[in-house]
Amino acid sequence: MRSESSCQFETERGKASRLTETAAAAVMPVHVAVGGASAGSQVPAHLTRIPISLVSTDTDCSDKTVQGKVLHKGPLVSLEDDGFLLKIIIQEEEGSQPDSISVVVFGGVAQRLSEAVRLEDVVVASGFTVGKSPTFHKDKLHPCNLYLSGDAACVYVSRPPPAEPKTQTANKRSSSHAEVPTAAKVPKYSYVPLSELKPENVVNVYGVVVFFKQPFRTRGTDLCSSLKITDQSNKKVCCTIFCSKLEDHPKIFQVGDIIRMHRVKTRLYNDSIALVNTFGFSAVTFDGTVGGDVEPRTSSRNIHFDEEDRRVVEELRSWAAAQTLLPPVPRIPLSAVQPKVYFDLTCQLLSKASIDSTCTLLRVWDGTRCPHPLLKVAVEPGISEGTYSIAKERQNLVANVLVYDNHVELARQLKPGSYLRIYNLRALPGASKLPGNTGNQSEEADCVVFHLHGGTAFGRGIRILPENSPNVQELKRITGSFTDDDFDVVLEQDDSAQLEIWCTPPESPDPVPVDCGTERSCSHGEAAVTLAELKRAGPRRVFHVRAQLRSYEPRRLHQALKLHCHKCQAMQDVPDDDAVAAVFSAACGETGPCGPTWALSGQVDVPAGPSGPCGRTVTVYMSDQLMAEGKGKDLVYLLGVTLEETCRLASAFQSIVPVRSSGGRLALLDPPAPFLFRGTRRHYGCGRCSEAQVKEPCVEGVEAVDERIIAEALGVQLLQPRLLVKLELQDATDTLEVFLWRDAESFFHVSAEDVAANQEAQDRIRLVMDSLCPPGGSMAARPWLDLCLTAYAAEGRTCYQICNTVTRPAAAPSDPA
DNA sequence: GATTAGGCTTCG
């Protein structure tokens, strides 16, 4: 059965690996035939097939097979014992309910099947066992699962030949499937009238679209299509489709389109039946025009569509045409636009430009002339994609569409030249609200500009129309009547020579003087580049940019303070008080007898605090040498103190090293406790690089006993406080993530040590950030920043940090010094 | 086998 000729892999990769595949097939019980050979033809003759509907835990599985088309393929899961698991769902094409079942495959078969099988393949499984489906109560798929593991497990895979492009008529379908015995019988899909839907069923339905939203991004992982359909039963049903891929969503262009959906689940929501897609979901749509071609719109390569379907579509078309259920289609040309109306515009995209992160400008036309002057939105040539020149008297053919918020993501992907339908576009009169348009108000007062507001209400959105759609054909006919003299479209290139209608964008740095929040202090001769240019530039060390601050992290600015080890370059957060207090508490119990020979011990009273115990006495050690010099209080070692007590005693001594007793000797507290307290400042050691031991510091000839001398004496690698802020920059062309690190202190005019010790210094950082990025303020309110960026490689990618840049007095609070 | 949204205009 496993002949060379049955393994006809058609892809290049397949050809290259044919030998390996064939060799693998000899040991792995997964058999693949591509290009029309049926799975059944490979199966040994002694095996008999049973329908999926008859599979139960009582089934005698020996010498039995189950066959079905792959509706779903899960990920290959690695199991703890080095094995693999793969779950697929197969559907029997001509079966009665329940006709689908989950097949769970283990081991090497799972691994190989995962490589070999694709959606829509037909598989035959043998050597399985039957178990209860743990998810049947939820998915209603089948009460049982099939399990394949061990030597007996075997899967035969066959792949239908690639679908013919474009129309797949019933005739073509049956001929291409003729070799596959199981598919030669016409698959029967039954469609439930919308009035007969009952909750919690998986069904197939037909309907006329009466409302729809183009797929929009959800908060979850998918895009969501929302639609409402109706049929001759006059029942209206809401449908929600979740798919991660845009192409899997129904291709709905307008109200009145006909939709067919397979495998949608009925649910009760707000006392009405609603539909949601479920495993194996597919949708096909048709234009709703009576008498028009019945051309299925789908990205699925393999659909069932026959004369019966054609009849259903035509019946729905005629029925809908006789109803008044469809709202008047608000699709009007530019020539019919009135200010303030919402409408759908079918147009061609000529060029586009990103205005800021929440707004993209689309320049479009539909070949008709708007009766109102069309507002010219200012854009500099460098940021526009696709440009054109146009005779002055024809300028009223080009409409400026400002696309906001959630629609920007899709607008970014649009290519000039493509045909679009923009849904729920609004014509807005006047231009006074547009940023940067400082022109003659009276001249602009009569102007019209188009807004696609944020959100998806009323189906607001954009759809790319296929070239063969009737609306696009019509559009091409109109726009094609213009000669090059009238309208010279130059796509996908930038031509700054054709500048007469372009001017400066509101957020473009160059000609508009705006207050700048920072200045560079470097002597590089670099010219400023846009963020897009920076990203395109090859490896370079230094860039100068002009940008605004879009956002930053951490928002809680005290978290910008880090502890950095010079030796191992490790960086850590400043430990929080709870963690530190816990180490102190644990050390309080370790106060056994110990007496370093170089120190005198004594007792000290802890001053009363707001909450702590009053009048407690703790042991203190002082260096002989320091005492001899009259500097005994400059450095003390405190045994068995809490964090709170240490803080209270910090005003009595210059330096405090908290200690514990360990095996008759003094020892430092473990990280994350600071090893040293000096006034309000705490000093920490690197856990990795320190070899701490409690010793007497050598202070001969030393003027002041500071943290460095103490750290050195104790074998502690001192952690330095540093500031680290991540900023997201933005200009008209792009955004860029940069760090403030090396030069953060000069940028903020503050030292990290001060930030660690006092509130005033922390407030200064807050003030600077608030001036660069005012809370609640719009981008327009934010100052432009002149920045010097240096590029460096980290973790295999290029990172950027702000260097040689300081905030200007306008942005920074005045320096009291 | 989770979650998403659950129509219902607008900051610009």
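Residues numbered from 1 in each chain as written. Chains lettered and ligands numbered in written order. Predicted model: local features only at pLDDT ≥ 70, side-chain atom pairs only at ≥ 80, totals over all residues. Heavy atoms only, no water.

The name given to chain A in an unreviewed UniProt entry is Protection of telomeres protein 1, and the organism recorded there is Myripristis murdjan. Recorded in UniProt under Sequence similarities (unreviewed entry), the annotation for chain A is "Belongs to the telombin family." (UniProt positions renumbered as here; feature names shortened; annotations may be inferred.)

A. Expanded view of the nonpolar core. With 36 residues, the main nonpolar core has Leu 549, Leu 723, Leu 727, Leu 729, Phe 748 and Leu 789 as its most contacted residues. Leave out the neighbours within four places in its chain, and Leu 729 touches Leu 531, Val 545, Ala 547, Gln 548, Leu 549, Asp 734, Thr 735, Leu 736, Val 738, Leu 787 and Leu 789. By size, the runner-up hydrophobic cluster in this structure holds 30 residues, among which are Ile 50, Phe 84, Ile 101 and Ala 110. (Core = buried A, V, L, I, M, F, W, Y, C linked by side-chain atoms within 4.5 Å. Buried < 20%, exposed > 50% of the residue type's maximum accessible area, 1.4 Å probe, protein only. Contact = heavy atoms within 4.5 Å.)

B. Geometry of the sheet that holds strand E29 (residues 571–573). Spatially, E29-E28-E37 is the arrangement adopted by the three strands of the open sheet, whose pairing is antiparallel. Every other strand in the sheet has two partners, leaving E29 and strand E37 (719–723) as the edge strands with one partner each. The sheet shows a mean angle of 40° between the axes of neighbouring strands, taken without regard to direction. Across three bridges, strand E28 (residues 561–565) lies against E29 in antiparallel orientation. Across the sheet, residue Leu 563 finds its bridge partner in E29, namely Gln 572. (Pairing = 2+ DSSP bridges. Helix = DSSP H or I, 4+ residues; strand = E, 2+ residues; numbered from the N terminus. Axes fitted to C-alpha atoms, helices over the stretch in contact; angles between N-to-C directions.)

C. Broad picture of the protein's contact with DNA strand B. What surrounds DNA strand B is a group of 33 residues, the closest being His 72, Ile 89, Asn 424, Arg 426 and Arg 460. Of everything in DNA strand B that lies within 4 Å of the protein, sugar and phosphate atoms constitute 35%. Here Thr 221 contributes a side-chain N or O atom positioned 3.1 Å from a base nitrogen of DNA strand B. Here Asn 424 contributes a side-chain N or O atom positioned 2.4 Å from a base oxygen of DNA strand B. Mapped onto the surface near DNA strand B, the elements with two or more residues apiece are strand E5 (84–91), strand E11 (202–217), strand E12 (223–230), strand E13 (236–243) and strand E21 (419–429). Per element, the largest residue contribution to the surface near DNA strand B is three residues, and it comes from E11. (Near = heavy atom within 4 Å. Polar contact = N/O pair within 3.5 Å; in protein donor to acceptor, adjacent residues only side chain to side chain.)

D. A look at the side chain of Thr 65. As for its placement among the helices and strands, Thr 65 is situated in strand E3 (residues 64–73). By relative accessible area, which is 4% here, Thr 65 ends up buried. Excluding residues that lie within four positions of it along the chain, Thr 65 makes contacts with Val 43, Leu 47, Thr 48, Arg 49, Ile 50, Val 124, Ala 125, Ser 126 and Phe 128.

E. Focus on the state of the cysteines. In this structure the tally under the stated criterion is zero disulfides. The thiol sulfur of Cys 144 is not disulfide-bonded, and the nearest other cysteine sulfur, from Cys 61, lies at 9.5 Å. In this structure Cys 803 is not part of a disulfide, and its nearest cysteine sulfur, from Cys 788, lies 6.3 Å away. Judged by relative accessible area, which is 1%, Cys 803 ranks as buried. (Disulfide = S-S within 2.5 Å.)

F. Structural detail: the sheet that holds E13. Pairing is mixed in the closed barrel, where five strands are placed in the order E11-E12-E13-E15-E14. In this sheet, neighbouring strand axes are inclined to one another by 50° on average, regardless of whether the strands run parallel or antiparallel. Two elements, E12 and E13, share eight bridges in a ladder whose sense is antiparallel. Its bridge partner being in E13, Ser 225 is matched across the sheet by Ile 241. Across the sheet, helix H7 (residues 307–321) touches E11, E12, strand E14 (258–269) and strand E15 (272–286), and the angle it forms with E11 is around 65°.

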